[in-house]
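Next come the chains, spelled out residue by residue.
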Number of protein chains: 8
Amino acid sequence: MNKPIIGILMGSDSDLKVMSEAAKVLEEFGVAFEITVCSAHRTPDRAHKYALTAASRGLKVIIASAGGAAHLAGSLAANTTLPIIGVPINWKLEGLDALLSTMQMPPGVPVATVGIDGAKNAGLLAVQILATSDKKLANKLTSYKKQMAAGVNAKAKKLKKEGYKKYLKNI
Amino acid sequence: MNKPIIGILMGSDSDLKVMSEAAKVLEEFGVAFEITVCSAHRTPDRAHKYALTAASRGLKVIIASAGGAAHLAGSLAANTTLPIIGVPINWKLEGLDALLSTMQMPPGVPVATVGIDGAKNAGLLAVQILATSDKKLANKLTSYKKQMAAGVNAKAKKLKKEGYKKYLKNI
Amino acid sequence: MNKPIIGILMGSDSDLKVMSEAAKVLEEFGVAFEITVCSAHRTPDRAHKYALTAASRGLKVIIASAGGAAHLAGSLAANTTLPIIGVPINWKLEGLDALLSTMQMPPGVPVATVGIDGAKNAGLLAVQILATSDKKLANKLTSYKKQMAAGVNAKAKKLKKEGYKKYLKNI
Amino acid sequence: MNKPIIGILMGSDSDLKVMSEAAKVLEEFGVAFEITVCSAHRTPDRAHKYALTAASRGLKVIIASAGGAAHLAGSLAANTTLPIIGVPINWKLEGLDALLSTMQMPPGVPVATVGIDGAKNAGLLAVQILATSDKKLANKLTSYKKQMAAGVNAKAKKLKKEGYKKYLKNI
Amino acid sequence: MNKPIIGILMGSDSDLKVMSEAAKVLEEFGVAFEITVCSAHRTPDRAHKYALTAASRGLKVIIASAGGAAHLAGSLAANTTLPIIGVPINWKLEGLDALLSTMQMPPGVPVATVGIDGAKNAGLLAVQILATSDKKLANKLTSYKKQMAAGVNAKAKKLKKEGYKKYLKNI
Amino acid sequence: MNKPIIGILMGSDSDLKVMSEAAKVLEEFGVAFEITVCSAHRTPDRAHKYALTAASRGLKVIIASAGGAAHLAGSLAANTTLPIIGVPINWKLEGLDALLSTMQMPPGVPVATVGIDGAKNAGLLAVQILATSDKKLANKLTSYKKQMAAGVNAKAKKLKKEGYKKYLKNI
Amino acid sequence: MNKPIIGILMGSDSDLKVMSEAAKVLEEFGVAFEITVCSAHRTPDRAHKYALTAASRGLKVIIASAGGAAHLAGSLAANTTLPIIGVPINWKLEGLDALLSTMQMPPGVPVATVGIDGAKNAGLLAVQILATSDKKLANKLTSYKKQMAAGVNAKAKKLKKEGYKKYLKNI
Amino acid sequence: MNKPIIGILMGSDSDLKVMSEAAKVLEEFGVAFEITVCSAHRTPDRAHKYALTAASRGLKVIIASAGGAAHLAGSLAANTTLPIIGVPINWKLEGLDALLSTMQMPPGVPVATVGIDGAKNAGLLAVQILATSDKKLANKLTSYKKQMAAGVNAKAKKLKKEGYKKYLKNI
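Residues numbered from 1 in each chain as written. Chains lettered and ligands numbered in written order. Predicted model: local features only at pLDDT ≥ 70, side-chain atom pairs only at ≥ 80, totals over all residues. Heavy atoms only, no water.

K.L.:
For this particular structure, what's the right way to read the overall build of chain A?
P.N.:
If you tally the helices and strands in chain A, you get 7 helices and 5 strands. Secondary structure elements of chain A occur, N-terminal to C-terminal, as β-α-β-α-β-α-β-α-β-α-α-α. C-alpha atoms of chain A, sized along the principal axes, occupy 60 × 40 × 30 Å. Partitioning the intrachain contacts of chain A with sequence separation of at least 6 by distance along the chain shows that 67% fall at a separation of at least 24. Within the structure as shown, chain A displays about 6100 Å² of accessible surface, and the carbon and sulfur contribution to it stands at 54%. Averaging the positions of the 23 positive and the 12 negative side-chain charges in chain A gives two centres separated by 11 Å. (Helix = DSSP H or I, 4+ residues; strand = E, 2+ residues; numbered from the N terminus. Contact = heavy atoms within 4.5 Å. Areas by Shrake-Rupley, 256 points an atom, 1.4 Å probe, with all protein chains shown as cover. Lys, Arg positive; Asp, Glu negative; His and termini not counted. Charge placed at Lys NZ, Arg CZ, Asp CG, Glu CD.)

K.L.:
Can you walk me through the relation of the copies chain D and chain C in this structure?
P.N.:
Applying a rotation about an axis and a shift along it to one chain copy brings it onto the other copy. With an RMSD of 0.0 Å, the operation that places chain D on chain C is a rotation of 180 degrees combined with a shift of 0.0 Å along the axis. The relationship between the two copies is best expressed as a two-fold rotation axis. The share of interface residues of chain D whose copies in chain C are also at the interface is 100%, consistent with both copies meeting through the same surface. (Least-squares fit on C-alpha atoms with pLDDT ≥ 70 in both.)

K.L.:
Can you help me understand the pattern of salt bridges in this one?
P.N.:
Evaluation of the coordinates by the stated rule reveals 40 salt bridges over all chains. Residues Glu27 of chain G and Lys165 of chain E are paired through a salt bridge, measuring 3.0 Å at the closest nitrogen-oxygen approach. With Glu27 of chain G in helix α1 (residues 16-28) and Lys165 of chain E in helix α7 (residues 164-169), this residue pair bridges two chains. Where Lys155 of chain H meets Asp13 of chain F, a salt bridge forms, and the shortest distance between an N and an O atom there is 3.5 Å. Residue Lys155 of chain H is found in helix α6 (residues 135-162), and its partner Asp13 of chain F is found in the loop between β1 (6-10) and α1 (16-28); the two belong to separate chains. (Salt bridge = Lys/Arg side-chain N within 4 Å of Asp/Glu carboxyl O.)

K.L.:
Whenever I open this one, the relation of the copies chain B and chain A confuses me. Can you help?
P.N.:
At an RMSD of 0.0 Å, chain B and chain A line up after a rotation of 180 degrees and a shift of 0.0 Å along the axis. Both copies contact each other with a shared surface, as 100% of the interface residues of chain B are interface residues in chain A too.

K.L.:
What's the story with the interface of chain D and chain C in this structure? I'm lost.
P.N.:
Where interface size is given, it is often the accessible area lost as the parts come together that is meant. Between chain D and chain C, the residue contacts involve 38 residues of the former and 38 residues of the latter. Taken over both partners, the interface formed by chain D and chain C buries close to 3100 Å², and the fraction arising from carbon and sulfur atoms is 62%. Looking only at chain D, the three residues that lose the most surface to chain C are Thr81, Pro110 and Thr132 of chain D, adding up to 21% of its buried area. Along the contact surface separating chain D from chain C lie 17 residue pairs in polar contact (both at pLDDT 80 or more). Listing elements by their share of the side of chain D that touches chain C, those giving two or more residues are α4 (96-103), β5 (112-113), α5 (119-131) and α6 (135-162) of chain D. (Buried area = accessible area lost by both parts, 1.4 Å probe. Polar contact = N/O pair within 3.5 Å; in protein donor to acceptor, adjacent residues only side chain to side chain.)

K.L.:
Help me understand the pairing of strand β4 (residues 84-89) of chain E in this model?
P.N.:
On a regular strand, each side chain points to the face opposite its neighbour's, so the side chains alternate between the two faces of the sheet. All names here are of chain E. In terms of burial, β4 is a largely internal element, 6 of the 6 residues being buried. Neither face of β4 is open: one carries Ile84, Gly86 and Pro88, the other Ile85, Val87 and Ile89, and all of them are buried. Of the strand pairs in this sheet, β4 and strand β5 (residues 112-113) are connected by 2 bridges, and their pairing is parallel. What sits directly across from Ile85, in β5, is Ala112. (Buried < 20%, exposed > 50% of the residue type's maximum accessible area, 1.4 Å probe, protein only. Pairing = 2+ DSSP bridges.)

K.L.:
Any chance you could explain the pairing of strand β2 (residues 33-37) of chain E here in plain terms?
P.N.:
Residue and element names in this part refer to chain E. Burial analysis of β2 places 4 of its 5 residues in the buried class, which makes it a mostly covered element. In this sheet, β2 lies alongside strand β1 (residues 6-10) in parallel orientation, the contact comprising 5 bridges. Note that in β2 the partner of Ile6 across the bridge is Phe33. With respect to chirality, the unit in which β1 leads through helix α1 (residues 16-28) into the neighbouring parallel β2 is right-handed. (Right-handed = clockwise from strand over helix to strand, strands pointing away.)

K.L.:
How do you make sense of unusual backbone geometry when you look at a structure like this?
P.N.:
Trans peptide bonds make up the majority, and among non-glycine residues the majority have a negative phi. Although it is not a glycine, Glu94 of chain B sits at a positive phi angle of roughly 60 degrees. Note on placement: Glu94 of chain B falls in the loop between β4 (84-89) and α4 (96-103). A positive phi angle, near 60 degrees, is found at Asp117 of chain D, a position not held by glycine. Looking at Asp117 of chain D, the relative accessible area reads 25%, which means it is partly exposed.

K.L.:
I would appreciate a short explanation of the environment of Ser143 of chain D in the present structure.
P.N.:
Structurally, Ser143 of chain D is set in helix α6. Once the C-alpha coordinates of Ser143 of chain D and Pro44 of chain D are considered, the two residues, 99 residues apart in sequence, prove to be 40 Å apart.

K.L.:
I would appreciate a short explanation of the interface of chain B and chain A in the present structure.
P.N.:
Taken together, the 38 residues of chain B in the interface contact 38 residues of chain A. Of the roughly 3100 Å² buried at the junction of chain B and chain A (both faces included), carbon and sulfur atoms supply 62%. Broken down residue by residue, the surface that chain B buries against chain A is led by Thr81, Pro110 and Thr132 of chain B, which jointly contribute 20%. Taken together, the links from chain B to chain A amount to 0 salt bridges. One can count 17 residue pairs in polar contact (both at pLDDT 80 or more) joining chain B with chain A.

K.L.:
Even after reading the chapter, I still don't get the packing of helix α5 (residues 119-131) of chain H against α6 of chain H, so can you show me in this structure?
P.N.:
Residue and element names in this part refer to chain H. At a minimum axis distance of 8 Å, the contact between α5 and α6 shows a crossing angle of 140 degrees. Viewed along their axes, α5 and α6 adopt a mutual orientation that is oblique. Considering only the axes of α5 and α6, their crossing is left-handed. Contact residues: Lys120, Leu124, Val127, Gln128, Leu130 and Ala131 in α5; Leu137, Ala138, Leu141 and Tyr144 in α6. Of the residues belonging to the contact of α5 with α6, the class tally is 8 nonpolar, 1 polar and 1 charged. (Axes fitted to C-alpha atoms, helices over the stretch in contact; angles between N-to-C directions. Parallel < 35°, antiparallel > 145°, perpendicular 65-115°, else oblique. Left-handed = near helix turned anticlockwise from the far one by under 90°. Nonpolar A, V, L, I, M, F, W, Y, C, P; charged D, E, K, R; others polar.)

K.L.:
Help me out: how do you make sense of the environment of Ala122 of chain G in this one?
P.N.:
Residues and elements named next belong to chain G. Among the structural elements, Ala122 can be located in helix α5 (residues 119-131). On the accessibility criterion, Ala122 (0% relative accessible area) is buried. A C-alpha to C-alpha distance of 8.9 Å links Ala122 and Glu21, two positions 101 residues apart in sequence.

K.L.:
Sorry if this is basic, but what is going on with the side chain of Thr43 of chain G here?
P.N.:
Relative to the helices and strands, Thr43 of chain G is located in the loop between β2 (33-37) and α2 (44-54). Since its relative accessible area comes to 4%, Thr43 of chain G is described here as buried. Leave out the neighbours within four places in its chain, and Thr43 of chain G touches Ala149, Val152 and Asn153 of chain E together with Cys38 of chain G.

K.L.:
Would you mind showing me how to read α4 of chain B here?
P.N.:
Burial analysis of α4 of chain B places 7 of its 8 residues in the buried class, the great majority of the element. Of all the residues in α4 of chain B, the buried ones are Asp97, Ala98, Leu99, Leu100, Ser101, Thr102 and Met103 of chain B.

K.L.:
Even after reading the chapter, I still don't get the arrangement of the chains, so can you show me in this structure?
P.N.:
Separating chain C from chain F is a minimum C-alpha gap of 17 Å, and the two share no contact. Kept free of each other, chain C and chain H leave a smallest C-alpha distance of 16 Å between them.

K.L.:
Looking at this structure, I do not really get the side chain of Gln104 of chain A. What am I missing?
P.N.:
With respect to the element layout, Gln104 of chain A can be found in the loop between α4 (96-103) and β5 (112-113). At 2.9 Å, the side chain of Gln104 of chain A and the backbone nitrogen of Ile116 of chain B are in polar contact.

Written as structure tokens, this is what we have:
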């Protein structure tokens, strides 16, 4: 694989079940990435260094997931000017704590927050950011959007053909 | 001013008091932008066209603000592959409705959400995204971060010198 | 079946398990309807056209379901003056996000929101709306209300007869 | 004025400041209405009778507002098959209690809920319901929608002309 | 059994699993009660009459359970001056909707609300109310309190003897 | 005044502005009461003794108010079998913390909770409890209910006569 | 075992599954503790005495767990000046009620609250408090912190070596 | 002043109005402290160093305040084994975001959280922690508790003497 330009950091390896969706999106778009476990609270030094060296190591965007008092994305944002995408993980309180901990950043230090357990969208947002200067990726995103619509429309067709009662049996 | 590369859309002109902070950040970084009022619910056609033509008109990132059932950012994201930054506006329920309406997007259509009334961070995030392919902006961000730290440290020095009681009187 | 006068739109086919309750109510009242999958975010063009052509195609009321940042009902309401009934689907946060995204619409663009996963009530509300100009439907609604009361009263009778301990065993 | 076809019920006369917006909309559309104070908890008999006689008195739709444990809309819905539009009033807890009390109705008894303090939308929804069998009203709604869009677009033009700084001063 | 002095009303027979705890408490204290299903929304007339005739039929206290937009307790309180004990049932949103619908009553019409699914406490509260004029019941309550404390203390003793690891295995 | 049969305890004297409504209701019904400041956290011994001696001192019902981690009502309930009415005071978080701290009592120890800042209803509930064995009070409650309805109906009449626009000016 | 210096109190023995984590931490650090069941509401006298005698019996810190209207920690704090660590237990409402009941204490009576079901952190916080005057414990805490970081880093290494797909299969 | 043993860190100098209460408590108890502004997000390096050197500089306890995505307390806890007391500041959402960001820490890294804007309790908790190994401070805490009770009791006496109506006028 090429040199990674996206870093995926998980506050806990228990996030992987969710966060693998981000990895899969990046693979689908052919974007080189690295993925690791790194906790703002349990490995603060590594998190600190990761953020400080990220740009010089060639990373363009960092995706960070955490649950509870989800500080990982924010603590990375404190130490780099790269765009940080935060993924709040549902650990307690249906994910409300992680959501607020990730998103309610003070003026001056943004985190681009996606929905609770929104790993797929985190991956896509990273691709969208890269695509602002990569025409090829931008075209792939356009295709992706069309395929997504086609997928919904195919379901609509099937539903029309089968009727809702039959369709319901096969969900 | 140069041709805009950032678009700021407000769901209502009552958002301007908050959203002018995004505009100021972009001016501070010398990033050309346009700003307009455009409602997902009251001017859906214009919102639709805005998103569909944004990329071809040269925009790189769109910042969208809305309160309540805040659909503007999401409806733009549905019609373009540019990164969309959503700013939930506190209109009712302390902004909780806007926050959830902006952030909880379905898989496939991300919105990069910042905090409630987080216009300044929306501007900075837009700059960070541009900076992934603009070394000069990246350097400016680094300087900005240093100045921000210096500002806090100056306050710390003043607090130490004056003592908390005197400092408190002048807040 | 007759030409549909009610349209049921689901933001995702995973809503069908809930939304089939709306379809069943309409069948029970002999009201012709159509049901399809159509996402405000993944198939915005189709949603757009659906709303714009709904009245001319003979629809009188539209029922729309969505979870999370539930924009479907609102985006339809932006493009038609037909009454839109919104059904917030419980996907995350117990449905609180969908509830607020559906209901907190800005002045000028109403959505008639029913409870979380309230598909049955959405169907009944559509019938009530039609019944404002259809005496026959109004009479059916009156009968329905009586049957509903009779059902509760039958349970009350059974409970009285059996005693709560025996009744409890058969729940 | 003609014989009323819309009834506006307020749980308390302190709701009038909010609910007058519904009355104004109905006047704007030339829809005859009546407005009164009637509490589900303090005048249950009158509320009971109001609902039971509403249809025979010629009402087509009822709009009901209440704050706190907002039962008025639901208690009317229990006693009539007319469409009931519920307006949750912000009295305590930012209106969250009224919202949930109005909207979370059991299967069989729908209330068409609009947003917190959403009186204007309640009025418009009532007109939309009437318009399902009144072509003239439907046309007026279409005009209303266009004017609303024109209003937003005029603001957009003014903002473009003046620039955001000047515009901000005049808000 | 004697003539009932407590009435237990359930908004739905699905509440019985929870509400049987109230019945058991009343049996334990030898208090005669009746229990029935009666919905504020689906059988409003019966609920209405129940409240209006409760005092004359000899009831002293009414316990009412409901989920969602839980109006039963409030609608009874509107039609009688007997103390009404409300039990919010967890149906949606972890019971938060029922809790607020039951408790946030307007000035003038109180409902004595217990915790979510708090049927046992509803039964005890009813006994406490009766005990304000029934010395025998008051004494039974004192014994009950002692037994409850003894039960906790016995567990404490067992825990001390066994150690927490062994105790844990038998929970 | 006669020997008090109702005790009003406030966790803080800052509650008095709210709680005086309870006192006024009791005066209106001619029920003798005592009112004091007593904190579960700052004067636990006095709270303890108050509860332990309440019944022997002739009290029949205790009303307790507190904000935040509102333990006063619960701690009294732990030490007496008299009915305890809890009034959650809005101090922080719109009163949500006090509401949950007061209401979510464990099985075995009920608190009869009224709405946030619901002092008037606390007073009325206390009267309702006394009225279960005091025919005269029960009659007064019936009159009170009628007067309350009459008050609402008078407003309805005035609103009808004046029209909503004139009425609105005088609110 | 040595004379206990930490007391663990559980409001219910059903907390033990969670609270045993606190006990394990204390064992790991070689800190003598006692653990018991003691309810603020069901055994108020024992709770009262426990707090009043804790310091003289040699306890330095008390850890208290409770769910719902979680008063145990606060009621202990009212009767001793020892540091009280509160553990909100998830019983209802995802633990939000216990969290607010434990944490929102009035000025003058602090409770050191940890996260929902945060028994392990309660144990560690107790050790940290002891370590302010126990160099040996402080050193153990430093080692513990290093081991914790090492554990995360080992997972990071494994993830890097295996790749995320293989790692995911073994979670 | 003596060498500080308590450090008070504020994420923003706008916290000072609240946090000065902590400082005042420490002065009242004669505990030497230092107070500074230091942001986890804007001055991460200083926050990092502060935590790493705190113990060696003689600090025993750190009090940290922050609003929104309140990471300061948690980021300090990541880098020291001293007890960290977190004070959630009400900046947005009534302080709910800060509360959850401060309290919901992952297992292994505790933060002793006090209530929203609970600076006074943070100061007292710090004193309680020091008092676990300082008999003099422990005695002072006991006196403080007595004075606090005396203050409440004096108010109770005044209320009894004046009656609630007169007392109310002077609040």
